[in-house]
Amino acid sequence: MTAKLHQIFQNHNGKISDKWTLYIREFEDLFEEIRDKEINLFEIGVQNGGSLEIWAKYFTKANKIIGCDINKVCENLIFSDPRISVIIGDANSDRVEEQLSRSVSGLDIIIDDGSHNSSDIINSFSRYLKYVNYEGLYIIEDLHTSYWESYEGGLHNPFSAVAFFKRLV
């Protein structure tokens, strides 16, 4: 029997992942139909690299699992799975986008778990949505920070990430 995502997450003993358990349960529902497909995944903000290892265990047929982090310490992350790679730099820079576009022609999943600042969320979405394949998923974690002033948000801030997505809808 194939392990569920929450089981893989709970039993993971590699690099640390600090994903919220409630996200893991939602991801499990979102990803169930594509779990056994040859996907390409891009995650903005990988911190310790644990989530990349978990994605590799869950998506056993994935072609590429690419992370991006602005923290140069992530250059030291070493993965035994050759499908996993990390781009070091600001996800909203032309250099990072060029590196990503040389690695994959399309993405099935993008997970933004980066700075959580509204401007970064909006810029990343605007920059990378064009890479999402038909029926692909663009997921933004911790969008509640749009309501926090310390993350360029606020309840009535017209420039918050939530306000941006409300306007799109």
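Residues numbered from 1 in each chain as written. Predicted model: local features only at pLDDT ≥ 70, side-chain atom pairs only at ≥ 80, totals over all residues. Heavy atoms only, no water.

Novice: Could you clarify how one ought to interpret unusual backbone geometry in this entry?
Specialist: The general pattern is negative phi for most residues beyond glycine and trans for most peptide bonds. One non-glycine residue, Gln-47, lies in the positive phi region at around 50°. Along the chain, Gln-47 falls in the loop between strand E1 (40–44) and helix H3 (50–58). A positive phi angle is found at Asp-142, which is not glycine, with a value near 60°. Examined against the element boundaries, Asp-142 turns out to sit in the loop between strand E5 (132–140) and helix H6 (161–168). (Helix = DSSP H or I, 4+ residues; strand = E, 2+ residues; numbered from the N terminus.)

Novice: So what exactly am I meant to see when it comes to the packing of aromatic side chains here?
Specialist: On inspection of all chains with the given rule, the structure shows 14 aromatic pairs. A centroid spacing of 5.5 Å and a plane angle of 65° characterise the contact between Phe-27 and Trp-55, whose relative ring orientation is edge-to-face. Within this pair, whereas Phe-27 is found in helix H2 (residues 21–31), its partner Trp-55 is found in helix H3, the two being separated by 28 residues in sequence. Residue Phe-27 is classed as buried on the basis of its relative accessible area of 4%. Its relative accessible area of 2% is what places Trp-55 among the buried residues. Joined through ring pairs, the aromatic side chains of Tyr-23, Phe-27, Phe-31, Trp-55, Tyr-58 and Phe-59 make up one cluster. (Phe/Tyr/Trp six-rings, centres within 6.5 Å; stacked < 30°, edge-to-face > 60°. Buried < 20%, exposed > 50% of the residue type's maximum accessible area, 1.4 Å probe, protein only.)

Novice: I keep staring at H2 and nothing clicks. Help me out?
Specialist: Think of an α-helix as turning once every 3.6 residues; residues three or four places apart then point the same way. Listing the buried residues of H2 in full gives Tyr-23, Ile-24, Phe-27, Glu-28 and Phe-31. Mapping the buried residues of H2 onto a view down its axis gives an arc of 145°, with all of them on the same face. With respect to the buried face of H2, the exposed residues turned more than 90 degrees away are Leu-22 and Asp-29. (Arc of directions from axis to C-beta.)

Novice: Any chance you could explain the side chain of Asp-69 here in plain terms?
Specialist: Residue placement: Asp-69 occurs in strand E2 (residues 64–69). Among the residues examined, Asp-69 registers a relative accessible area of 10% and is labelled buried. Among the polar contacts listed, one links the side chain of Asp-69 to the backbone nitrogen of Gln-47, at a separation of 2.8 Å. Apart from residues no more than four positions distant in its own chain, Asp-69 is found in contact with Gly-45, Val-46, Gln-47, Cys-74, Ile-87, Ile-88 and Gly-89. (Polar contact = N/O pair within 3.5 Å; in protein donor to acceptor, adjacent residues only side chain to side chain. Contact = heavy atoms within 4.5 Å.)

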